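# What the coordinates show
The lines below spell out each chain.
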Amino acid sequence: MVEMRVAGIALDAASRSPIVLLRDPSGRRQVPIWIDQAQAQNIMAGLKDQAPARPLSHDLMAKLLEAGGLELQRVIIHTIEDSTFRAVLKLSGADGSSHELDARPSDAIALALRTGSGIWMLEEVVADASIPVDAEADAEDAADFRRFLDGISPAELVRHIRQAQTDSSEEEEAGDDDASGGEATPS
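These numbers come from a predicted model, not from an experiment.

The next thing to look at is helix α1 (residues 37-48). One turn of an α-helix holds 3.6 residues; hence residues three or four places apart share an orientation. Its 12 residues place the ends of α1 17 Å apart at the C-alpha level, agreeing with the 16 Å of an ideal helix rising 1.5 Å per residue. Here α1 has its buried residues at Q39, A40, N42, I43 and G46. For α1, the arc enclosing every buried residue in end-on projection is 160°, short of the 170-degree limit, so these residues lie on one face. Among the exposed residues of α1, those pointing more than 90 degrees away from its buried face are Q41 and K48. The inward-facing, buried residues of α1 abut β1 (2-11), β2 (18-23), α2 (57-67) and α3 (105-115). Among the residues of α1, the N-terminal cap falls to D36, whose side-chain oxygen and the backbone nitrogen of A38 are separated by 3.2 Å. Residue D49 follows α1 closely and has a positive phi angle near 55°.

Mapped onto the fold, A40 is located in helix α1. Residue class for A40 comes out buried when judged on its relative accessible area of 6%. Sequence separation between A40 and D107 is 67 residues, and the spatial gap between their C-alpha atoms is 9.9 Å. Non-local contacts of A40, meaning those with residues more than four positions away in its chain, are made with I9, P18 and I35.

Within the secondary structure layout, N42 lies in helix α1. Beyond its immediate chain neighbours, meaning those up to four positions away, N42 contacts L56, H58, A110 and R114.

In the sheet, strand β4 (residues 70-81) pairs with strand β5 (residues 84-93) via 10 bridges, with the strands oriented antiparallel. Each residue of the ladder has a partner; that of L70, found in β5, is G93. Connecting the antiparallel pair β4 and β5 is a turn made up of 2 residues, with D82 showing a positive phi of about 50°. Sheet topology places β4 next to strand β7 (residues 118-121); 4 bridges connect them, and they run parallel. Residue pairing for β7: R74 is matched across the bridge by G118.

A few words now on unusual backbone geometry. Even without being glycine, R16 reaches a positive phi, approximately 65°. Of note, R16 is situated in the loop between β1 and β2. A relative accessible area of 55% places R16 in the exposed class. Although it is not a glycine, S83 adopts a positive phi angle of roughly 65°. Following the sequence through the fold, S83 ends up in the loop between β4 and β5.

All right, on to the sheet that holds strand β8 (residues 131-132) then. A sheet is described by the order of its strands in space; here 8 strands give the open sequence β6-β5-β4-β7-β1-β2-β3-β8, paired in mixed fashion. Every interior strand has two partners, whereas the edge strands, β6 (98-103) and β8, have only one. Two strands pair when backbone bridges link them, and β1 and β2 are joined in this way by 6 bridges, in the antiparallel orientation. Counted as the bridge partner of V6 is L22 from β2.

Cut-offs used in this document
Residues numbered from 1 in each chain as written. Predicted model: local features only at pLDDT ≥ 70, side-chain atom pairs only at ≥ 80, totals over all residues. Heavy atoms only, no water. Helix = DSSP H or I, 4+ residues; strand = E, 2+ residues; numbered from the N terminus. Expected span 1.5 Å × (residues − 1). Buried < 20%, exposed > 50% of the residue type's maximum accessible area, 1.4 Å probe, protein only. Arc of directions from axis to C-beta. Contact = heavy atoms within 4.5 Å. Polar contact = N/O pair within 3.5 Å; in protein donor to acceptor, adjacent residues only side chain to side chain. Pairing = 2+ DSSP bridges.

What follows is the structure in structure tokens.
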């Protein structure tokens, strides 16, 4: 098993769905898990480690565990079935008992963040679902983007976005023309 940490929340460029990114200790592999908007907010609240004015669902879950004499030992993301990750909560009682509860990975991650518990993933799952990470390239891209933003006015940014949308529309139209009478080429 590999202990993972939450690297952050991202948005899928195509679907605009949130993704929680789990990174291995070496920082070389990252596992993206698509989640819904509410879960993204719950995970972000856990990452910020700030108590809300009123408890969110996962804050309440953590308090219920505490009140019931249970401790979340760890979260284990153990399999992927039909593109869906499966997780369990490993709990221990004050009397030495142990319990295992099935959970959605997003709920398990949000709860682990609030309780300071580890997030573990089976090596097979990491190997199957991970994408390689190049931290140096990511840092360089972020620095380039910051320089770009520092050197552009809001009006210029809007013009760039509109131009990109126009270019994209023109490419799609050209692709539609190509697809109408041509042969499919194997990829």
